[in-house]
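Architecture and fold: a report
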Amino acid sequence: MSGSHRAAHRRSAGAPPSAERGGSRGRRRKARPRRRALPGTAALLLAAAAGWFALGPGGAFAAHGRAAGVPQAAPELPSTLPTGQATPQQAAPAQPLPSDAHSGTPAADRSDRADGSYAAIPGLGAGFLAKIPADANQVVLATGGGKDSSDATVTLWSRTPDNRWRPGETWPAHNGYSGWTADHQVGDLRSPIGVFTLSDAGGLNADPGSKLPYHQDRGFVATGNGFDGEPLAGAFDYVVAIDYNRVVGSSPLDSREPMGEQKGGGIWLHVDHGGPTHACISVSEDHMAALVRTLDPAAHPVIVMGDTASLAT
């Protein structure tokens, strides 16, 4: 069996001129003979005047000898301008696109509404969006950083009355030691990619206020150590069964596997023990308890899980 809870038992960022200072009073200065302008001087003055009118105050003979008329590099602009924005010749220098303060999501993937809701869950391609049942109003999104990565994040999304999606907090998580697969097999140490319903919860601890059927049982005990040598104790204090190759409506401990033992089973959302799992998805105990309290069978919750590239298809 591929669930981490089942394999646990088998491994342990210049001053002004004087005339401008008042001049003289009561005396006339002897007029100085006018000097006739030399032909070359007149030609130079005419040329300079012509240049001023042609180039203006900011032309090539600007103050301090700076060639202000030399074209300057245009400011860098976004490759795609939003509708109604000025043309590149009129636009102000581009500023870095802001990111969502909560999740670091690029501006292109941020909500277009003041209420923070989205028309569709960011990161999911048309194929995965189509797999979310029409009556599913809660989606647990478990996203892995890479196909072979065991680090993931989990976000609970809720559908709004006007058929949009609002995210909850994003939590750090772990998935299978070897990453993700679209064809999970027993013992491959990869979490299955797909969309699965969430129907049953349970754990060693008492019911924290679950709306899903909650099965408290002393059988939810993990022993030994994880892949990084971390103890597994407490990993099953709270669990939610992922409906992959299991009998829906039964305890997460039910070992029946309708697709056969080779396809693995016993894949849960459970308490994180600080390292990769065999195939399950794990978050901290506080987050796991919050998830158990929030998932509502009336909202037909599902989990959408996989690596970033796969989920974008």
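Residues numbered from 1 in each chain as written. Predicted model: local features only at pLDDT ≥ 70, side-chain atom pairs only at ≥ 80, totals over all residues. Heavy atoms only, no water.

Thoughts on the overall build of the chain
Definition in use: Helix and strand assignments follow DSSP, with helices taken as H or I runs no shorter than four residues and strands as E runs no shorter than two, numbered in order from the N terminus. We call a residue buried when its accessible area falls under 20% of the maximum for its residue type, exposed when it is over 50%, and partly exposed in between, using a 1.4 Å probe and counting protein chains only. In this description, accessible areas are obtained by the Shrake-Rupley approach with a 1.4 Å probe, and a residue is regarded as covered only by the protein chains that are shown.
Of regular secondary structure, the chain possesses 5 helices and 11 strands. The buried share of the chain, reckoned over its 313 residues, is 37%. With an accessible surface of roughly 18,300 Å², the chain has 55% of that area assigned to carbon and sulfur atoms.

A look at the nonpolar core
Rule in force here: We define a nonpolar core as any set of buried Ala, Val, Leu, Ile, Met, Phe, Trp, Tyr and Cys residues linked to one another through side-chain atoms lying within 4.5 Å.
Core analysis: the biggest nonpolar cluster contains 44 residues, and V240, I242, L269, I281, M288 and I303 have the highest contact counts within it. Counting 9 residues, the second largest nonpolar core, distinct from the first, contains F220, A222, A235 and V239.

Remarks on helix α4 (residues 285–294)
What counts, and what does not: An arc is given here, and it is the one of the directions from the helix axis to the C-beta atoms.
Of all the positions in α4, only M288, A289, L291 and V292 are classed as buried. Projected onto a plane normal to the axis of α4, the buried residues spread over an arc of 160° and lie on a single side.

Structural notes on the confidence of the model for the chain
Selection criterion: Per-residue confidence from the predictor is reported as pLDDT, a score between 0 and 100. Working rule for contacts: check all heavy atoms of both residues, and any pair within 4.5 Å makes them a contact.
This prediction gives the chain a mean pLDDT of 77; 65% of its residues lie at or above 70. Note on residues 7–38: pLDDT is under 50 here. Beyond four places in sequence and across chains, it has 19 contacts. Low pLDDT, under 50, characterises residues 40–105; the stretch is placed with 41 contacts to residues that sit more than four places away or in other chains.

A closer look at the packing of aromatic side chains
For clarity, the threshold we go by: Centres within 6.5 Å are what make two rings of Phe, Tyr or Trp a pair, Trp counting through its six-membered ring; a difference in plane orientation under 30 degrees is then read as stacked, over 60 as edge-to-face, and the rest as tilted. Think of it as a cone above the ring: NZ of Lys or CZ of Arg counts as a charge over the ring if it is within 6 Å of the ring centre and within 35 degrees of the ring normal.
Per the stated rule, a full pass over the model turns up 5 aromatic pairs. With 5.3 Å between their ring centres and 75° between their planes, Y118 and W157 make a pair best called edge-to-face. With Y118 in the loop between α2 (39–55) and α3 (126–131) and W157 in strand β2 (residues 151–159), this pair connects stretches of sequence that are 39 residues apart. Per residue, the accessibility class of Y118 equals that of W157, and both read buried. Aromatic pair Y177 and F227: ring centres 4.4 Å apart, planes at 25°, arrangement stacked. Here Y177 is found in the loop between β3 (165–174) and β4 (179–181), whereas its partner F227 is found in the loop between β7 (214–216) and β8 (239–242), with 50 residues between them in sequence. An aromatic cluster of at least three residues, connected via ring pairs, comprises F220, F236 and W268. Geometry around F128 places K131 over its ring, the cationic atom sitting 4.6 Å from the centre.

Overview of the side chain of S191
The condition is simple: Any pair of nitrogen or oxygen atoms within 3.5 Å is treated as a polar contact; in protein, a donor-acceptor pairing is required on top of that, and neighbouring residues in sequence qualify only through side-chain atoms on both sides.
Counting through the fold element by element, S191 comes out in strand β5 (residues 190–192). For S191, a relative accessible area of 0% corresponds to the buried category. Of note is the side chain of S191, whose polar atom sits 2.9 Å from the backbone nitrogen of G176. Among residues more than four places away in sequence, those in contact with S191 are N175, G176, G179, W180, T181, A279, C280, I281 and M305.

Some words on the side chain of N245
If you trace the backbone, N245 turns up in the loop between β8 and β9 (268–271). Within the structure, N245 has its side chain in polar contact with the backbone nitrogen of M259 (distance 2.6 Å). Of the polar contacts made by the side chain of N245, one reaches the backbone oxygen of G260; its length is 3.1 Å. Residues contacting N245, with those up to four places away along its chain left out, are R256, E257, P258, M259, G260, K263, G264 and G265.

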